[in-house]
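Residue-level structural notes
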Amino acid sequence: MVLINRKLGGLLRYRVAFFPDPDTIREFTENLKPTEFARLFHTSVDLPDLPSVLRHQRNATACTNLKDGPEALWQLLKKDARQGIRQIEKIPDRARVGLNTDRIIDDFLPLFNEFAASKDGVERITSSVLDPYGDKIDIFVAYLDGTPMCGHIMLRDDDTSRVRLLYSASRRLTDPAVARICGALNRYLHWHEIGAYRQKGFATYDWGGLDADEANGIRRFKLSFGGTIVNEHTYLCAGTPWLGRLVLGIFGTLVGRGRRQRQMSSATTSAPEPE
């Protein structure tokens, strides 16, 4: 389990638990202080209707069993996944993967934010978003001829022996000419991570969620690695339910207003100059 302490609006205590155990679920649903909030991410426990639970989401993800051997994992891959990996393996002098260095961190954020600017519904991030995770995340970046092309941030839970994809980005949307090679690099990067975590003794590689639409391209990409679909739950809890609903309403209004302002600013910036 991974526990993260935050402040909601800089004032209210907000605790986050990834892959919580039963004791943590009990604490967060029964023993929250009046002004505390908690979010329980990715648990198999289906809670009854409790006053402290403000929101309940059912989620699906894909999980790869890292206890299988390399050959068994390779046999799970679909044809397009294998082809992409082999394509990059043929150019070892041009492609490489970096992990957790200062340069990797400096390269990932611009790569992600450039991707977010081209992808509807994806918010930009800063280092302050990543800081609360501390040493519980790994940052991978795949380079082609020295240029960062795609990257992943993985959440690492040593207790449950599970890693989960938190953030993913590539240059495939900003440069159509490199979209195909980005797809191959992204497959190669995932395969590299699967091997690395397997060697470290982790049991599960979690693909970070699946869209409900079976025709969704990202869903098909993730499932091309042969993972098993797992259904889970996410809960948002508050020590004082009425206060929680009030705070959520206020923050929802502020977030929506900020998003609209950013969209208007982006549209103004990209509009052509009048003649």
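Here goes a summary of the coordinates provided. (Residues numbered from 1 in each chain as written. Predicted model: local features only at pLDDT ≥ 70, side-chain atom pairs only at ≥ 80, totals over all residues. Heavy atoms only, no water.)

To continue, consider a nonpolar patch on the surface. A cluster of nonpolar residues, Trp 242, Leu 246 and Ile 250, forms a patch on the protein surface that exposes about 350 Å² of accessible area. The residue Ile 250 is located in helix α8 (residues 241-270) in this model. Judged by relative accessible area, Ile 250 falls into the partly exposed class, the value being 44%. (Patch = residues over 30% accessible without salt bridge, like charges linked within 9 Å, V, L, I, M, F, W, Y side chains within 5 Å. Areas by Shrake-Rupley, 256 points an atom, 1.4 Å probe, with all protein chains shown as cover. Salt bridge = Lys/Arg side-chain N within 4 Å of Asp/Glu carboxyl O. Helix = DSSP H or I, 4+ residues; strand = E, 2+ residues; numbered from the N terminus. Buried < 20%, exposed > 50% of the residue type's maximum accessible area, 1.4 Å probe, protein only.)

This model, assessed by the stated rule, comprises 11 aromatic pairs. Taking 5.4 Å as the distance between ring centres and 85° as the angle between the ring planes, the aromatic pair formed by Phe 112 and Tyr 167 counts as edge-to-face. Placement of Phe 112 in helix α4 (residues 102-118) and of Tyr 167 in strand β8 (residues 162-170) is noted, with a sequence separation of 55 residues between them. Under the relative-accessibility criterion, Tyr 167 is labelled buried at 18%. One cation-aromatic arrangement involves Arg 96 over Tyr 143; the distance from NZ or CZ to the ring centre is 4.2 Å. (Phe/Tyr/Trp six-rings, centres within 6.5 Å; stacked < 30°, edge-to-face > 60°. Lys NZ or Arg CZ within 6 Å of the ring centre and 35° of its normal.)

To continue, consider the sheet that holds strand β2 (residues 12-18). Judged by pairing direction, the sheet is mixed, and its 10 strands sit side by side in the order β1-β2-β3-β10-β4-β9-β8-β7-β6-β5 without closing on themselves. Of all strands in the sheet, those with a lone pairing partner are β1 (2-8) and β5 (95-99), marking the two edges. For this sheet, the mean angle separating the axes of adjacent strands, direction not counted, is 25°. Relative to strand β3 (residues 37-43), β2 runs parallel, the two sharing five bridges. Looking across to β3, one finds that Val 16 is bridged to Arg 39. Lying on the sheet, helix α6 (residues 179-199) is in contact with β5, β6 (137-144), β7 (147-157), β8 and β9 (204-206); it crosses β7 at an angle near 35°. (Pairing = 2+ DSSP bridges. Axes fitted to C-alpha atoms, helices over the stretch in contact; angles between N-to-C directions. Contact = heavy atoms within 4.5 Å.)

Spanning 17 residues, α4 covers 25 Å between terminal C-alpha atoms, matching the ideal 24 Å at 1.5 Å per step. Inspection of α4 places Ile 104, Asp 107, Phe 108, Leu 109, Leu 111, Phe 112, Asn 113, Phe 115 and Ala 116 among the buried residues, and these make up the whole buried set. Here the buried face of α4 lies against β5, α5 (127-130), β6, β7 and β8. (Expected span 1.5 Å × (residues − 1).)

As far as function goes, none of this settles anything; it's purely spatial.
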